[in-house]
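The residues making up each chain are set out below.
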Amino acid sequence: MAIKVEEKQLTLLERLYVLEVVRGIALTTGHFFRNMAVHIARLFGLAKDKKGSTTFQYPEERRPLAPRLRTLHRLTRREDGAPRCVACMMCETVCPAHCISIVAGEHPNPLIEKYPTRFDIDLGLCVFCGYCVEACPEDAIRMDTGVLEFTSFSREGMVYDLNKLLARSETPKPNEESKVKTA
Amino acid sequence: MLLNMGPSHPAMHGVIRIKVIADGEMVKDCDIDIGFLHRGFEKHCETGTYTQCFPYTDRLNYVSPLINNFGFAMTVEKLMGLKVPERCEYIRVIMSELSRISDHLTCVGASAMELGAFTVFLYMIKAREWIWELVEEVTGARLTTSYARVGGVKGDLPSDFDGKCRSVLKQTAEVLDEIDTLVKRNRIFYDRLRDVGIVSKELAASYGMTGPFLRSTGVEYDVRKATPYHVYDRIDFDIPVGRRGDNYDRYLVRMEEMRQSIRIVEQALDQIPEGPTNVDAEGKIIPPNVMADLGKFGKTAGLLKNEVLIEPTLEGTQKRFHDRVRADSKEAWIPPKEQVYSNIEALMNHFKIIMLGHGVRPPKGEAYGAVEGGNGELGFYIVSDGTDRAWRVRCRPPCFPIMGGLHEILVGDQIADIIATFGSVNMIAGELDR
Ligand code: SF4
Ligand code: SF4
């Protein structure tokens, strides 16, 4: 059903504007004092769960990130510290930005068969869609580092190679997963 | 006098150029120059697989990317004749409406700011922030969501979504009331918008304008009511219409639409079914690398009874949730990770879907699917030749017809009114120029 949106003419009182100004200022001042009270309370260590303002004082204060947020990639490790990746090229194929390039090599262990001799992700092209993580049948690539700042002065610096991608992964203990290395 | 506004004018929302022939302060004639942000969306979609198109659709209307995602997914599903699980339909409705709220918040906030009401902008962006935090929790990104998949969505909603969403909606409704207090009966705001940028029914219809622009003239057209998709026919909501078709009516329509969207989300949250749970689990949760290794070395006995400790960004895609949010089809998208890790059939299926030339292959044919975007009817027309890439994709951006008729609307108003009218168009260059 359709509803007509209201459209009354302004009354004389509203045309005079004074009352409207007062109403508006009352609202914003209300916000000001409420937020101020929270700020002061926080200064004394109270009201920890409330926030005086929606802004974060980046970079001193960091916004809590959602667990599902896709951040910088990493390659997970095997128990011997080598990459878990078996160079199956699934991530390279699914990537809509064509920013992953892998060169496969033959692994001495016949159970592993293949491993990447080179694995480059050009983060300057990456669109952070997360398809590579979804497509990996080995849990070898992940986007759970929580790192959002990875800038560079050059385009070459945005290309992350095998070493850089492995650097954020810990070598797992038996029956555990390869966790993010906390700096 | 010939006056150029844009392509990079501080009050222009995107890159666009308006050539104005002015007589004093009056606009005598004007011409609108678009295309500065053309990225070849349609051509790109033809070069990638269907799944690879979703990141492109994120970048159409980048204030409400989820609606674009779902619109594209819906059209491909139409081509394939896929039926999406009920829970997934509800998720799509909820996420679309949240996006619509964020879209309107941005539009009203930004256009109010251009008229000098900076507080309104800050309050609305604050509310948008809450919504985007919700979106981040569900999809894993604030803007470039890529959440839809052919035949479903990426993952189920997080377990605490219901409560969080309701509290965000409540706070947003409060913000909307505050905005009304600040500007609705404010004389400066009223006088700058009332009877400015008038669109007649005939003009709107002849250019094919849709959305709040058309509804402000009093025409009751909304894709959600006219051709209900997802589960909009099960939800009770109203379409706000204006009468005069001026900027003030458009402001009122947008504000009311946000309230209606809040209503829709609340109803959808009440109605959303749990869906099949798919548990044959022993309740053991094992890390993915361990599970994959066990599977590879053939120790598969009873392995499928366990759940995988999933990578955080894939939360909601486990076997437990898979049937709730993905269509039951091997043609659509990859099987749950537990199966990929532990049996060879699923692994082959997984590879098949991703391999070029295989994957999502709708039968030969063509389909048009339309959803109600933030600015109006957002349509996708896809021609398939039976391969894994679309033969032709055409997008009907809701801004385009509005921008086509804008020169007729601006003529006769003052130069300063261009800003107010242009703000009410809510032009999103990403969507307009594709
Ligand atoms: S996140 Fe997307 S674009 Fe980036 S590397 Fe992975 S698949 Fe490619
Ligand atoms: S999909 Fe996984 S295993 Fe395959 S190449 Fe990519 S990272 Fe390696």
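Quick word on the site of ligand 1
1) Next: In the vicinity of ligand 1, 14 residues are found, and the nearest of them are Cys95, Ala97, Cys126, Cys129 and Cys132 of chain A.
2) Next: Residues that form the shell around ligand 1 fall into these classes: 13 nonpolar, one polar and no charged.

Structural notes on the sheet that holds strand β6 (residues 159-160) of chain A
Residues and elements named next belong to chain A.
1) Next: As summarised here, the arrangement of the three strands in space is β3-β4-β6, forming an open sheet in which the pairing is antiparallel. Every interior strand has two partners, whereas the edge strands, β3 (100-106) and β6, have only one.
2) Next: Where strand β4 (residues 114-122) lies against β6, two bridges are found, and the strand directions are antiparallel. Along β6, the bridge assignment pairs Asp122 with Val159.

Regarding the domain arrangement of chain A
1) Next: Examined at the domain level, chain A breaks down into domain 1 (12-43) and domain 2 (74-166).
2) Next: The C-alpha centroid of domain 2 of chain A is placed 53 Å from the C-alpha centroid of domain 1 of chain A.

Points about the site of ligand 2
1) Next: Near ligand 2 there are 13 residues, and of these Cys85, Cys88, Met90, Cys91 and Cys136 of chain A occur at the shortest range.
2) Next: Here the shell around ligand 2 is built from residues that sort into twelve nonpolar, no polar and one charged.

Regarding the domain arrangement of chain B
Residues and elements named next belong to chain B.
1) Next: Each assigned domain of chain B is listed with its residue range as follows: domain 1 (33-274 + 362-409 + 417-433) and domain 2 (285-354).
2) Next: Taking only C-alpha atoms into account, the centre of domain 1 sits 34 Å from that of domain 2.
3) Next: The greatest single-element share of the side of domain 1 that touches domain 2, amounting to three residues, is contributed by helix α4 (residues 86-114).
4) Next: Partitioning the side of domain 1 that touches domain 2 into residue classes produces nine nonpolar, four polar and five charged.

Some words on the interface of chain B and chain A
1) Next: With 49 residues of chain B at the interface, the matching set in chain A holds 45 residues.
2) Next: For the side of chain B that touches chain A, the elements supplying multiple residues, two or more each, are α5 (118-139), α6 (161-184), α7 (187-193), β6 (239-241), α11 (247-271), α12 (288-296) and α15 (344-354) of chain B.
3) Next: By residue number, the principal contributor to the side of chain B that touches chain A is α5 of chain B, which donates five residues.
4) Next: Tallied by class, residues from the side of chain B that touches chain A come to 23 nonpolar, twelve polar and 14 charged.
5) Next: For strand β1 (residues 2-4) of chain A and β6 of chain B, the ladder comprises three bridges, and the chain directions are parallel. Looking at the pairing, Ile3 of chain A lines up with Pro240 of chain B of β6 of chain B.

Considerations on the environment of Asp238 of chain B
Residues and elements named next belong to chain B.
1) Next: Position of Asp238 relative to the elements: it lies in the loop between α10 (223-226) and β6.
2) Next: According to the C-beta neighbour criterion, Asp238 is partly exposed, with 16 such atoms within 10 Å.
3) Next: Between the alpha carbons of Asp238 and Gly116 there is a distance of 31 Å; along the sequence they are 122 residues apart.

Analysis parameters
The residue numbers shown here count from 1 along each chain, following its written sequence. To read the labels, note that chains go from A and ligands from 1, taken in the order they are written. Note on the predicted model: pLDDT of at least 70 is required for a residue's local features to be given, and 80 or more for side-chain atom pairs to be given and counted; whole-chain, interface and lining totals, by contrast, use all residues. Nearness here is judged by the C-beta atom: place it from the backbone, and if it falls within 6 Å of a molecule or strand, the residue counts as near that partner. The nonpolar class holds Ala, Val, Leu, Ile, Met, Phe, Trp, Tyr, Cys and Pro. Asp, Glu, Lys and Arg form the charged class, and all remaining residues, Gly among them, are polar. DSSP-based pairing: two strands are paired if at least 2 bridges between them are found. Numbering of helices and strands starts at the N terminus; helices are DSSP runs of H or I of at least 4 residues and strands are runs of E of at least 2. The split into domains, and so the bounds of each, comes from an automatic or database assignment of domains. Any residue pair is listed as a contact if its two C-beta atoms, each placed from the backbone, are within 7 Å. We call a residue exposed when 12 or fewer other C-beta atoms sit within 10 Å of its C-beta, buried when the count reaches 20 or more, and partly exposed for counts in between; the C-beta positions come from the backbone.

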